[in-house]
Amino acid sequence: MENRRNSLLADIGREASIERTDYLARAGEQLQRFMTAHANRIRALGGLTLIDDEDDFLAVAPDGTFRSRSRVYDEQKGEWVSETEVIETAAELVELYNPADVLQAFADADDSDLGAKDPVEAGDGDGATGILAAEEAPKGTTAAKAYAGAADTWAAGQPETRTARNEGEAAEALYDLTLDFQERSQRAESGLIESFENAASALLGQVGTLVIVDDEDEHLALGVGGFRARVVPEGESGWRDLSGAGEIVQFYDPTDVFGDLAEAIAEAYPSLDEGGAGNGDDGDDGDDSDAGDDTNDR
């Protein structure tokens with residue numbers, strides 16, 4: 001029993017490590033996109049001080065690099081010691097700071113935060129607080145104006161909502177907007193399926209193929225390489241193989257897939273019930289998903 005618990009903990013640890021790596025990679029990419037989109041504004045503002053607490057300091061310089069200072073107590077020396085570090089990329093920054101906190105600091109910035117203060121400790125050199133800006137922010141430029149521009153950039157990335165002069169045009173515009181958001185939803189759902197396949201890849205070779213759904217018009221299984229599915233689409237007579245997560249989510253809701261998969265695992269390994277597993281039916285609305293009813297296919 002102890003070996004089984006250790007094995008389960010090891011599996012959880014491996015998957016947690018994979019998920020952490022994936023999360024940091026995605027968070028780093030998102031923060032880097034934000035920094036790239038606003039590089040000119042940050043340069044114009046002369047940088048920004050994001051965090052300025054007694055024990056922590058973080059600023060972004062005009063060139064987009066970060067300055068971080070941590071203050072810790074050295075018990076051997078009996079004094080506080082400050083360490084300043086230059087962080088070149090957003091990917092490095094998310095290893096040290098919660099990216100949500102960094103973005104919130106940008107959102108909360110005001111005129112008092114303009115200019116990336118150089119975290120020079122009192123007593124070092126002349127003790128003055130320097131400015132990392134290569135040049136002063138243009139006169140009249142404020143953080144509020146800069147972030148008004150940021151809002152404009154965000155709005156530019158949103159789908160255009162067409163104006164309508166009558167009911168027919170309104171219906172047409174609403175239909176197009178609905179299809180646009182359907183595509184967005186499917187992309188998000190396919191990313192969830194792919195993330196699971198990556199996280200589970202090291203385990204699938206040891207458990208063999210798990211059949212999740214096997215009906216007369218649909219078949220869904222999980223094995224080495226990820227999910228494999230085929231369906232008979234509504235109104236058609238032949239089988240259609242679904243290639244990749246993008247096609248799978250056109251016919252299956254990921255919530256149902258993971259719920260049915262949990263049931264399939266519990267059935268294949270009844271001993272899991274002893275540990276409280278096998279509750280994959282929580283949130284399952286009913287029987288195995290029907291390809292014709294659940295389809296998002298246009």
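Not measured: the values here are computed from a predicted model.

Parameters at a glance
What you see as residue numbers is a count from 1 along each chain, following the sequence as written. Predicted model: local features are reported for residues with pLDDT of at least 70 only, side-chain atom pairs are reported and counted for 80 or more only, and whole-chain, interface and lining totals are derived from all residues. As a rule here, side-chain values come from all non-hydrogen atoms in the structure, and water together with hydrogens is ignored. Each helix corresponds to a stretch of at least 4 residues labelled H or I by DSSP, and each strand to a stretch of at least 2 residues labelled E; elements are numbered beginning at the N terminus. For the exposure calls, accessible area comes from a 1.4 Å probe over protein chains only, and a residue counts as buried if that area is under 20% of its type's maximum, exposed if over 50%, partly exposed in between. For this analysis, residues touch if any pair of their heavy atoms sits within 4.5 Å. Accessible surface is estimated by sampling points in the Shrake-Rupley manner with a 1.4 Å probe; for residues, cover comes only from the protein chains shown. Pairing of aromatic side chains here covers Phe, Tyr and the six-membered ring of Trp, requires ring centres within 6.5 Å, and sorts the geometry by plane angle: under 30 degrees stacked, over 60 edge-to-face, intermediate tilted. Salt-bridge detection follows one rule: a side-chain nitrogen of Lys or Arg within 4 Å of a carboxyl oxygen of Asp or Glu. Definition of nonpolar core: a set of buried residues of the types Ala, Val, Leu, Ile, Met, Phe, Trp, Tyr and Cys, connected through side-chain atoms within 4.5 Å. Strands were regarded as paired on the criterion that DSSP finds at least two bridges between them. Interaxial angle, 0 to 180 degrees, is taken between N-to-C directions of lines fitted to C-alpha atoms, where a helix line uses only the stretch in contact. In a helix, the anticipated span is given by 1.5 Å times the number of residues less one. The angle separating two fitted axes, one through the seven residues that finish at a residue and one through the seven that start at it, defines the bend at that residue. Nitrogen and oxygen atoms within 3.5 Å of one another constitute a polar contact, given that in protein one can donate a hydrogen and the other can accept it, and given that sequence-neighbouring residues count only through two side-chain atoms. Any angle that is under 35 degrees is reported as roughly parallel, and any over 145 degrees as roughly antiparallel; angles of 65 to 115 degrees are reported as roughly perpendicular and all others as oblique. Asp and Glu are treated as the negative residues and Lys and Arg as the positive ones, with His and the ends of the chain left uncounted.

Engineer: Where do I start with the overall build of the protein in this structure?
Structural biologist: Secondary structure summary: the protein contains 9 helices and 10 strands in total. Put simply, the protein has 298 residues, and 30% of those count as buried. Expressed as a percentage of contacts within the protein between residues at least 6 apart in sequence, the contacts between residues at least 24 apart total 53%. Accessible area for the protein stands at about 18,300 Å²; split by element, carbon and sulfur atoms hold 48% of it.

Engineer: What's the story with the packing of aromatic side chains in this structure? I'm lost.
Structural biologist: Each aromatic ring pair is described using two quantities: the centre-to-centre distance and the angle formed by the ring planes. Under the definition given, this model contains 3 aromatic pairs. Every member of this aromatic cluster is reached through a ring pair, and the members are Phe196, Phe227 and Phe258.

Engineer: Is there a simple way to think about the environment of Phe251 in this case?
Structural biologist: For Phe251, the location among the structural elements is in the loop between helix H7 (244-248) and helix H8 (254-268). Classification of Phe251 by relative accessible area gives buried; the value is 1%. For the pair formed by Phe251 and Glu218, sequence separation is 33 residues and the distance between their alpha carbons is 9.8 Å.

Engineer: Even after reading the chapter, I still don't get the pattern of salt bridges, so can you show me in this structure?
Structural biologist: Oppositely charged side chains can form a pair if their charged atoms are brought close together. Within the structure shown, the criterion is met by 2 salt bridges. With a closest N to O distance of 2.2 Å, Arg14 and Asp11 form a salt bridge. Highlighted residues: Arg14 and Asp11, both in helix H1 (residues 2-37), separated by 3 residues, approximately one helical turn. Classification of Arg14 as partly exposed rests on a relative accessible area of 41%. Note that Glu169 is salt-bridged to Arg165, the shortest N-O span being 3.0 Å. Of the residues examined, Arg165 reaches a relative accessible area of 76% and is grouped as exposed.

Engineer: Before we go on, may I ask you to explain the nonpolar core in this structure?
Structural biologist: As a rule of thumb, nonpolar side chains are buried together in soluble globular proteins. In this structure, Leu50, Leu58, Phe66, Leu93, Val102 and Phe106 are the most contacted members of the largest nonpolar core, which totals 21 residues. By residue number, the principal contributor to this core is H1, which donates 4 residues.

Engineer: Would you mind showing me how to read the sheet that holds strand S9 (residues 226-231) here?
Structural biologist: What holds strands together in a sheet is hydrogen bonding between their backbones, with the strands either parallel or antiparallel. Read from one edge of the open sheet, 4 strands run S7-S8-S9-S10, paired in antiparallel fashion. Strand pairing shows two members of the sheet lacking a second neighbour, strand S7 (210-215) and strand S10 (240-242), which therefore form its edges. If you compare each strand with its neighbour and ignore which way they point, the axes differ by 10° on average. As judged from the 6 bridges shared by strand S8 (residues 218-223) and S9, these two strands associate in the antiparallel manner. In the strand pairing of S9, Ala221 is matched with Arg228. Where helix H6 (residues 167-207) meets the sheet, its contacts fall on S7, S8 and S9, and the angle it forms with S9 comes to roughly 105°. H8 contacts S7, S8 and S9 of the sheet and is inclined by roughly 115° relative to S7.

Engineer: Looking at this structure, how should I read H6?
Structural biologist: Turn by turn, an α-helix covers 3.6 residues, leaving residues three or four places apart pointing in a common direction. Helix length check: H6 (41 residues) gives 56 Å between terminal C-alpha atoms against 60 Å at 1.5 Å per residue, within 8%. Taken as a whole, H6 carries its principal kink of about 60° at Ser201. Here H6 has its buried residues at Ala173, Leu179, Gln186, Ser190, Gly191, Ile193, Ser195, Glu197, Ala199, Ala200 and Leu204. Buried-residue contacts for H6 involve H1, S8, S9, H7 and H8. The backbone nitrogen of Gly168 lies 3.1 Å from a side-chain oxygen of the residue at the head of H6, namely Asn166.

Engineer: I'm lost on the packing of H6 against H8 in this one. Help?
Structural biologist: How two helices sit against one another is set out by the angle between their axes and by the gap between those axes. Running from N to C, H6 and H8 cross one another at 30°; their axes reach a closest spacing of 10 Å. With respect to each other, H6 and H8 are oriented roughly parallel. For the pair formed by H6 and H8, the contact residues are Glu189, Leu192, Ile193 and Phe196 on the first element and Pro254, Phe258 and Leu261 on the second.

Engineer: Help me out: how do you make sense of the side chain of Glu218 in this one?
Structural biologist: The residue Glu218 is located in strand S8 in this model. No salt bridge is formed by the buried Glu218, whose closest oppositely charged neighbour, Arg230, lies at an N-O distance of 11 Å.

Limitation: the analysis is restricted to geometry and does not speak to function.
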